[in-house]
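Summary of the model geometry
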Amino acid sequence: MRKQKLLTKALAASMAVFMSVSQLSVPAFAAEGTKSVSIAGSTYTYSAEALEGYTQIGNSGLYYKLTNGTGFSGTIYGTSNLTYKEFYSGDVSSTDSFDVVTTASTSKYSVLSNAWTDYEEESAEAAGGYHVKGVANVNIVVDSDLYVESTILKDANKELSKAYEEASDITLNENPTQVPSQYKTLQNDGSYVSNNKTVTTVTDAVPTLTTGSTWGEYEIDVVETSTKYLRNSRQDEGFPVNSTIQGIILETTEGYKVGLEHLSNIWVQPYKLSFNVANEAATMGIAKSDNTAEFAKLVNKTINKITYVTPEGNYVYTFADGIFIKPAYSEEISGTFSDDMKSFTLNQLPTVKNGTLTVTYTVGAGHKKTPYTLYSGTIAKSVSLDLNAIPSDAEGGTYSVTISCDDYADIHVAIPVTEDQKAQLQELIKQAETALKGAGADDSVLLAHKNEAAELLANESSTSADAADLINELTELLKPYQSTEAPTPSIPDSTTASKPNTTTAAKPATKPATTAKKTNTTAAAKVKLTKQTTKVKANGKKKIKVSWKKDKNASGYEITYSTKKSFKGKKTIVVKSNKTTSKVVKKLTSKKKYFVKVRSYKQVGKTKTYGAYSKVKTVKVK
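I will try to describe carefully the structure that is included in this document. Computed from a predicted structure; not experimentally measured.

**With respect to helix H7 (residues 419-438)**
Taking 1.5 Å per residue, 20 residues should reach 28 Å; H7 reaches 29 Å between its end C-alpha atoms and fits that length. Among the residues of H7, Asp 420, Gln 421, Gln 424, Leu 425, Glu 427, Leu 428, Ile 429, Gln 431, Ala 432, Ala 435 and Leu 436 are the ones counted as buried.

**With respect to empty space enclosed by the protein**
Going through the model one piece at a time under the given rule, you end up with three cavities of 30 Å³ or more. Approximately 120 Å³ is the volume attributed to the largest cavity. As for the largest cavity, its lining consists of 13 residues, of which Phe 87, Gln 182, Lys 184, Gln 246 and Val 309 are closest to the centre. Elements represented by at least two residues in the lining of the largest cavity include exactly strand S8 (130-143) and strand S10 (183-186). For the lining of the largest cavity, the element with the highest residue contribution is S8, accounting for three residues.

**A closer look at the sheet that holds strand S28 (residues 544-548)**
Here three strands make up an open sheet; going across it, the order is S27-S28-S31 and the pairing antiparallel. This sheet does not close on itself; its edge strands, each paired only once, are strand S27 (534-538) and strand S31 (582-585). Going from strand to strand, the sheet's axes swing by 15 degrees on average, the running direction of each strand aside. When S27 meets S28, the two strands line up antiparallel, connected through five bridges. From the neighbouring strand, Lys 535 faces S28, where its bridge partner is Ser 547.

**Considerations on the pattern of salt bridges**
The tally for this structure, following the rule as stated, stands at 12 salt bridges. Residue Asp 91 is joined to Lys 184 by a salt bridge in which the shortest nitrogen-to-oxygen separation is 3.3 Å. With Asp 91 in the loop between helix H2 (84-87) and strand S6 (103-105) and Lys 184 in strand S10, the pair connects residues that are 93 residues apart, well separated along the chain. Assessed through its relative accessible area of 15%, Asp 91 is described here as buried. For Lys 272, the salt bridge is made with Asp 221, and the minimal N-O distance between the two is 3.7 Å. One end of the pair, Lys 272, is in strand S17 (residues 272-275); the other, Asp 221, is in strand S14 (residues 216-223), with 51 residues separating them in the sequence. Of the residues examined, Asp 221 reaches a relative accessible area of 16% and is grouped as buried. A cluster of three or more residues bridged by salt bridges with shared partners is formed by Glu 86, Lys 162 and Glu 166.

**Let's talk about the pairing of strand S11 (residues 192-195)**
Remark: a regular strand shows side chains that alternate across the two faces of the sheet. Direction of pairing for S10 relative to S11: antiparallel, over a ladder of four bridges. Counterpart to Lys 184 in the pairing with S11 is Ser 194. Turn length for the S10-S11 hairpin, with the two strands adjacent in sequence and antiparallel, is five residues, and the turn residue Gly 190 shows positive phi of about 90 degrees.

Rules and cut-offs
Residues numbered from 1 in each chain as written. Predicted model: local features only at pLDDT ≥ 70, side-chain atom pairs only at ≥ 80, totals over all residues. Heavy atoms only, no water. Helix = DSSP H or I, 4+ residues; strand = E, 2+ residues; numbered from the N terminus. Expected span 1.5 Å × (residues − 1). Buried < 20%, exposed > 50% of the residue type's maximum accessible area, 1.4 Å probe, protein only. 1 Å grid on protein atoms, 1.4 Å probe; cavity = no way out; pocket = protein on both sides within 12 Å on 5 of 7 lines; lining within 4 Å. Points joined across faces, edges and corners; volume = space filled by probe spheres on them. Pairing = 2+ DSSP bridges. Axes fitted to C-alpha atoms, helices over the stretch in contact; angles between N-to-C directions. Salt bridge = Lys/Arg side-chain N within 4 Å of Asp/Glu carboxyl O.

Dropping the structure here:
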């Protein structure tokens, strides 16, 4: 009996030791699966196990704990890039018109430091441009727990909710607890609200409205009297509202507010701004606005306040009399030049108040434009033109005919397609046919524009403005098929021509337009390049991996991608080695579907020729 008791005690002791070892081994085992992240000098450890002292992140299945450093509490500050929809949220009456990627441009990527773009040096030239996505370097305040948890979830490659995704994109300031002058608040639902700070209010500036200007259908110039806040020179120095500007808000007397975008509405000299109400592409060749639906609501309204948003605060300009946004004239007014260009005849007379007819000949483009007035005076059925106003050594330019009045926006008189434009379109159609044949006829955008040009030439009612638009578009679309040194067609003042209803005509006795070179017939063009075979797959957050076959005859490859099946707004990455057969494309838009194609190219000297594009592949970005 005693032996049995001793054995029982021994067994109990053994079981106790076993249970003790088992209980100790659980956290020891779990600890082996922990990971750590460093945030502003503090270390946070996380695990998939519910360890003692650890806090669960929602229902993510992850638990974390501060294991080194002081950590954070309350709110912290950093910077992030926001879409226009996010940036203007709560500050304008509606953000419905803003797209995820709002504008496209072909130059000036660096002139506005707080324009958020997808510009990449190695691809911008080949792609013919880049996109403006929103506002960069915006001050953000965020709950510290939300920021820490978002960083951990991102490190663990977990799917992020809207709030966590936004928080994970924030870059903390060097001193995360120091409050900046002005900031946006990231809320727990992933939306933003403003803590706008007005630095100063200006009441003695004078606004001037121009309709149908170089920069858009409506242009407002704000001229200061006693103040000097708005940059109006080539340098930022001395102007608190300068190239670092983040936004501009127009406000009507009724309190309706509309936000502006960089390069389509906001320029490097922010005293000048513009917008379009009918044609998003009416801005002169710099960028396209997608907010025309909101701008259209300003017509027949009076703007009495303009707010300039800077990282340091807002500069608010108020106007006692305001700026009345004149409506557009409802009927099209057309006219014709005489064969010798010495007179102009209106086909119909508009019914307007205090109208003035102006015929102008303009040489140059952009800031280098020089206008020469051939007639300015009373509206008449036919007027004589002073061609002596044009210098004898003036280069080829454009004729424009406008009617200004008190009750309507400037009326741009339409004229028929000129003989010079017909010749240019015929030549561009030929070049497009050659390019499409060489590219395997898979460029649907170029094909559509070629067909549109043919239809325009066959339509007797086509206008010079329609032709000017097509000439500009076809010239841009053909650039990737040309030699790097091939000149583009000599189109008189293409920026003015791209405006809706702007009239253009060839100057008499000008030289025939120089046309771009056709597809290369050099040694490079004689090399047979293989049509590419492409594979595309998602490769982590906001990235895809593109693979293709090596082409021994090629100098390199071009990867072209877009969120549009038509490849509108496309980007192109140039791979300069024929030995490289894959590329990771970064900084894409999460949850978006992308269309991708690849082609090889051969370069001999400064001349390039291209192989056929691969079949278009699609991929959805994580």
